[in-house]
Amino acid sequence: MLENRTPDLAAFWMPFTANRQFKANPRLLASAKDMYYTASDGHQVLDGTAGLWCVNAGHCRDKITKAVQTKVAELDFAPTFQMGHPEAFELASRLAALMPGPLNHVFFTNSGSESVDTALKIALAYHRLRGDGARTRLIGRERGYHGVGFGGLSVGGIANNRKHFGPLLPGVDHLPHTHNLDHNAFTKGEPAWGAHLADELERIVTLHDASTIAAVIVEPMAGSTGVLIPPQGYLQRLRAICDKYGILLIFDEVICGFGRLGTPFGVNYFGVQPDLVTTAKGLTNGTIPMGAVFATDAVHDAFMTGPDGAIEFLHGYTYSGHPVATAAALATLDVYAEEGLLTRGAELAPYFEDAVHSLRGLPHVIDIRNIGLVAGIELQSRPGAIGARAYEAFVKCFEAGLLIRTTGDIIALSPPLIIEKHHIDTLIGQLADILKTLV
Ligand SMILES: Cc1ncc(COP(=O)(O)O)c(C=O)c1O
């Protein structure tokens, strides 16, 4: 029998965590099933965040668990450098079939951060291979989150994530973010105001000249920074300006991908066709780390030149297309297809929207925004203590049996796509009760 003991917390240097605060009052999870975690003290916690935006089909789904168990006993590891195993090819084909348009080629990674750095490298190498090697500049966006690799940090736009790590990549510029409460507070879905902010790309082109710019990377819906939904027409405008100047457009769909918006990908939702798409998280339902970068035929084919036997793209990870991750992803795609999860969000979105917007008028709530099965609830910050109010809500929610995510003073909700209406009622009802207690 397992000993009921509190582990020594000292050695694990925890990621994106206030370590000392956490270790003084830890929150430990012991198991999970479907919509719920069970904490190590035995209390049930309704998952309002799909883990970390990744458990889209709900927790510990039998089909995925079994696929992983079987594969790890059958083929624990297989190199994909100058070798292969059949299921990695099958997975790439299935993913390409799921993604609209000519995004028919898939490069495997192990995380969102690796997907982003891979996509940036593809963009740079693409231009060079076409004889356009002066295109080295990368354009991100303020408040963007593209993971923690040096490439992703460089194009990312969250100052606190960047400030400790030196000058980062040279030759990077940023579009302005699209968040504006004066114009867009309490908007349901895509805000009407703000498409013109895409025209800032024209200004950046004027400043640097198009011939120096390789790619623009944006999250179609920016999640980690606090749920920023693109203004109507904004992404279309970015696409048009990129086309005008021969700049590649990269969608970072690490959060938007795999049904979060009520469509398989943000590409479907917004009807905008990028040149590269980065994914991870929902690809394996969070079970085993894996990411995937999608490239168009045009981008991919630019690499398939040169002498036979030459490695076309000198990039990859030991675990690219890992057999166990591949098995998890294939089973995840089965579950998504069998249960219609990649579009289920669209059916539930109106109910979710009404529920979330019912929080309007509660103390400190200065904005509510939503799209698909994602919502952001922004609280007024306490003077001189940004994030303290939302953190208090997070702790109280966890103790009351609800997992929410906070960034600064924004609460983000992104439940598993198997959520039922009664879970939404519980989620929003409990959150409302807790918001009322905040000072
Ligand atoms: C849009 C986006 N890109 C990249 C990442 C980084 O992913 P990972 O933490 O798997 O490296 C995240 C993580 O939240 C993300 O939201």
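Residues numbered from 1 in each chain as written. Predicted model: local features only at pLDDT ≥ 70, side-chain atom pairs only at ≥ 80, totals over all residues. Heavy atoms only, no water.

Novice: Quick one: what's the story with the sheet that holds strand 13 (residues 402–403), residue by residue and with numbers?
Specialist: Spatially, the four strands line up as an open sheet ordered 1-2-3-13, and their pairing is mixed. Pairing within the sheet leaves two strands with one partner each, and these edge strands are strand 1 (29–33) and strand 13. (Pairing = 2+ DSSP bridges. Helix = DSSP H or I, 4+ residues; strand = E, 2+ residues; numbered from the N terminus.)

Novice: Please set out the environment of R27 residue by residue, giving values where relevant.
Specialist: Following the sequence through the fold, R27 ends up in the loop between helix 1 (19–24) and strand 1. Using a relative accessible area of 17% as the deciding quantity, one classes R27 as buried. It is 8.2 Å that separates the C-alpha atoms of R27 and F398, two residues lying 371 residues apart in sequence. Beyond its immediate stretch of four places on either side in the chain, R27 contacts F22, Y391, F394, V395 and F398. (Buried < 20%, exposed > 50% of the residue type's maximum accessible area, 1.4 Å probe, protein only. Contact = heavy atoms within 4.5 Å.)

Novice: Talk me through the packing of aromatic side chains; I want residue IDs and the actual numbers.
Specialist: This structure, assessed with the given rule, holds nine aromatic pairs. Ring centres 6.0 Å apart and planes at 90° place the aromatic pair F77 and Y319 in the edge-to-face group. One end of the pair, F77, is in the loop between helix 3 (62–74) and helix 4 (86–98); the other, Y319, is in the loop between helix 12 (297–303) and helix 13 (323–339), with 242 residues separating them in the sequence. With a relative accessible area of 46%, Y319 lands in the partly exposed category. Here F258 and F265 contribute two aromatic rings whose centre-to-centre distance is 5.1 Å and whose plane-to-plane angle is 65°, an arrangement assigned as edge-to-face. Comparing F258 with F265 shows no difference in burial state: the two are buried. (Phe/Tyr/Trp six-rings, centres within 6.5 Å; stacked < 30°, edge-to-face > 60°.)

Novice: Could you give me a rundown of the nonpolar core, with the residues and numbers involved?
Specialist: Buried together is how nonpolar side chains tend to be arranged in soluble globular proteins. By size, the foremost hydrophobic cluster in this structure holds 100 residues, and its most contacted members are V216, I377, L413 and L431. At nine residues, the largest contribution of residues to this core is made by helix 13. Apart from residues no more than four positions distant in its own chain, L413 is found in contact with G48, F352, L373, V374, A375, I377, I404, L427, I428 and L431. In this structure, V172, I250, A295 and F303 belong to the second largest nonpolar core, which totals 21 residues. (Core = buried A, V, L, I, M, F, W, Y, C linked by side-chain atoms within 4.5 Å.)

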